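Below are the chains, spelled out letter by letter.
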Amino acid sequence: MKFSRMFSMAKKDVVIITRSSFFLYMVAMPIVMSLVLTAVLGSVGTARPTLAVYGEGELISILEEEPSLNVTIFSSEESLREAVLEGEYDGGLLVSPTPKLLISGKSLLNERVTIGATLANAFREVSGKEETILFETKVIGTEGYPWKVRFVPFLTIIAVLVAGMIISASLIEEREKKTLNAVLVTPITPLEVITAKALFGLFLGLILGTIILVLNGALTSGFLLIMLFLILGTTFTVALGLMAGVVMDNITDLITRIKIFGLILYFPAFVIMFPQIPQWLGKFFPTYYFIDPIFSITQKGAGWSDVWWKAVVLLACDVVVLALAAKVLKKRMLGKKIKA
Amino acid sequence: MMTTDGEKIIETENLTYSYGDTLAVDHISFSVEKGEILGFLGPNGAGKTTTVKMLTGQLVPQEGWGKVLGFDVAQEPKKIHEKIGVCFEEKNLYPRLTVKENLEFFVNLFGLEVDIDPLLKRVDLSKWVNDRVETLSKGLQQRVMFVRSMINDPDVLFLDEPTVGLDPISADAIRNIILTEKKKGKTVFLTTHNMMEADKLSDRVAFINEGKIVALDTPENLKLKLGKRTLKVKMRTEKGFEEETLPLRDPETPKRAKELLEKRNIATIHTQEATLEEVFMKLTGRKLEQ
Ligand SMILES: Nc1ncnc2c1ncn2[C@@H]1O[C@H](COP(=O)(O)OP(=O)(O)OP(=O)(O)O)[C@@H](O)[C@H]1O
Ligand SMILES: [Mg+2]
């Protein structure tokens, strides 16, 4: 294995991608979709959490001054409950007799945390004590995520799928145009060619996945854990892409197949997008073990202890497709017959 | 290997390949020495490209063996690839890269640092160096193909119809480069169906037909042994011209020639060389070029 040769190969692929409308379209697609969704559905995570308040006292004026919250004063307990239940506010605070916090089931983890922390501070300020403040908290209304958030898994899958597709399209093109033959009569080995393409795909998936999560305001916590799942998820699509790249004869063929097989990859994203679908159905699809953890980490604050077993399942899926890909590649490209 | 003289750079024995039921190359055995240009001449579908593919490690021989620079083509292709240049029959450049980017990419694959400008100048490509290959004419692309095969200053050149589609000046430029490389001690395996080219460049010519080598010798020997040299006599008559062809080796010819010279009004008289084309026809009953 010689790194410099693989680097030349990848460098050349980058230049080619920037000059092909097909490749550019593929890379741009998830980014444009994210931007359009943000424009249509509003941004997530950037706006201040909204808090409805009913009651009297010093606390109210402190909260009204609070820059991290958007506070609205209500005139009755009933109207406040109604508004929080409907999801119009992320939370509602009933000041007396004992403080009670109502959290909307539709609010996001980030917003819940901000409200909780801000309230705790405000209470401390009023009482002048440094002790931990306890107040009753209740989640009301159905738990659910706004549309914007429910789209994130779908977009993340597209991001890693694009990485796999670009790799397979690039391999198909090299076989179609027979440039691969020219490359393979130089010192670079078939294994180096494949490794270069695979690493490039992995890199692309990681970058694109990160961009998508950032654009959707989802990369707020658990960065390293998310990177791990992005790597494992991209490995899956890149292995599929390499296989498709040596099996399929042209890019039209590839696109047709993706329309069919893509559904299998997208399905877990649809399950998250539509809570009406029984959620357990997603578990039968490999990509579930990629997006469900990312969703849990970014939206529910899940940590390693919650998602480790999903990483193991995803790793197992990777091992299976990689083994399959190795077999196909060996037969088609790395073995005795160099078929291009 | 002890001597440079007679060192076998390419060697095959019973080299065979079939695509399914099509027997493309049928038990061919030959060798090419250092500094030699071997012309591989045959009609479409004769098996020339398949032979090149086996010798350059793109196809694994199904029977027999081949060696290039002492390395077995099936066992150690990568050792061979370091030191050879291949000019493919089909144009396989990266269309979206420029001429320079295409060539530099291959320079990098060889891990070399080569100034490509002198090479480009030799085939008159300097003007197009920053143009994308997809915008070049076929002839220009063919010249880039040839330059690419030379990029690593190879010891052995495999050229699969390198002058196809070129104008006479460009074709001659490339032929001259091939001859210069030969003088530098490079070995060349040249396939072509241009018999003039084979005749002019090759030290030896192999005729290949239906996967078999039907003759292998110097162009002169092939023509001498198998071709017919003739004397063509053109005479003026009342109605116009009349022509008579006399085989040179026929014992009757001197007598008949003298007769004609004395009795007839001769317009022109000249000897006609046998061509490789005729030799090939005689051997196979087929034409080289369709
Ligand atoms: N990939 C392939 N699959 C099936 N048959 C093939 C393939 N490549 C070549 N052949 C067949 O093998 C035989 C030899 O082909 P080859 O390309 O070696 O001939 P060639 O001498 O190079 O011809 P040309 O002068 O047209 O380039 C032909 O009958 C051809 O049809
Ligand atoms: Mg050919």
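Scroll up to find the structure this text is about.
Anyway, here's the lowdown on the structure attached to this text. (Residues numbered from 1 in each chain as written. Chains lettered and ligands numbered in written order. Predicted model: local features only at pLDDT ≥ 70, side-chain atom pairs only at ≥ 80, totals over all residues. Heavy atoms only, no water.)

Regarding the site of ligand 1
Residue and element names in this part refer to chain B.
- Neighbouring ligand 1 are 14 residues, the closest being N44, K48, T49, T50 and E89.
- One of the backbone N or O atoms of G47 is found 2.9 Å from an oxygen atom in ligand 1.
- Contact between ligand 1 and K48: an oxygen atom at 2.8 Å from a side-chain N or O atom of the residue.
- Expressed as a share of its isolated accessible area of 630 Å², the protein-covered part of ligand 1 is 63%. (Near = heavy atom within 4 Å. Polar contact = N/O pair within 3.5 Å; in protein donor to acceptor, adjacent residues only side chain to side chain. Areas by Shrake-Rupley, 256 points an atom, 1.4 Å probe, with all protein chains shown as cover.)

A few points about the coordination of the magnesium ion (ligand 2)
- At 1.9 to 2.8 Å from the magnesium ion (ligand 2) lie its protein donor atoms, namely T49 of chain B (OG1), E89 of chain B (OE) and E89 of chain B (OE). With T49 of chain B in helix α1 (residues 48–55) and E89 of chain B in the loop between β6 (84–87) and α3 (99–109), this residue pair connects regions lying 40 residues apart in the sequence. (Donors = N, O, S within 2.8 Å, 3.2 Å for Na, K, Ca; no water. Helix = DSSP H or I, 4+ residues; strand = E, 2+ residues; numbered from the N terminus.)

A closer look at the pairing of strand β4 (residues 63–68) of chain B
Residue and element names in this part refer to chain B.
- Pairing of strand β1 (residues 8–19) with β4, which is carried by five bridges, proceeds in the antiparallel orientation. Within β4, the position partnered with I10 by the bridge is V68.
- Alignment of β4 against strand β5 (residues 71–72), held across two bridges, turns out to be antiparallel. In the sheet register, K67 faces β5, and the bridge partner there is D72.
- Where β4 folds back onto β5 in an antiparallel hairpin, the turn is made up of two residues, including L69, whose phi is positive at roughly 55°. (Pairing = 2+ DSSP bridges.)

What about the environment of V144 of chain B?
Residues and elements named next belong to chain B.
- Residue placement: V144 occurs in helix α5 (residues 138–150).
- Sequence separation of V144 and V133 is 11 residues, and the distance between their C-alpha atoms is 8.7 Å.
- Discounting residues that sit within four places of it in the chain, V144 has contacts with L93, V99, L103, L125 and L136. (Contact = heavy atoms within 4.5 Å.)

Things to note about the environment of F285 of chain A
Residues and elements named next belong to chain A.
- Following the sequence through the fold, F285 ends up in the loop between α10 (251–273) and α11 (288–300).
- What makes F285 partly exposed here is its relative accessible area of 21%.
- For the pair F285 and M1, spaced 284 residues apart in the sequence, the C-alpha separation amounts to 35 Å.
- In contact with F285, not counting residues within four places along its chain, are I264, F267 and P268. (Buried < 20%, exposed > 50% of the residue type's maximum accessible area, 1.4 Å probe, protein only.)

Some remarks on the interface of chain A and chain B
- Taken together, the contact pairs 27 residues of chain A with 27 residues of chain B.
- For the pair chain A and chain B, the two sides together bury roughly 2,500 Å², of which 62% comes from carbon and sulfur.
- Between chain A and chain B we count two salt bridges in total.
- Between R19 of chain A and E101 of chain B there is a salt bridge, with its nearest N and O atoms 2.7 Å apart.
- The interface formed by chain A and chain B contains 10 residue pairs in polar contact (both at pLDDT 80 or more).
- The leading source of residues in the side of chain A that touches chain B is helix α1 (residues 3–18) of chain A, at seven residues.
- For the side of chain A that touches chain B, the class distribution of residues is 12 nonpolar, six polar and nine charged. (Buried area = accessible area lost by both parts, 1.4 Å probe. Salt bridge = Lys/Arg side-chain N within 4 Å of Asp/Glu carboxyl O. Nonpolar A, V, L, I, M, F, W, Y, C, P; charged D, E, K, R; others polar.)

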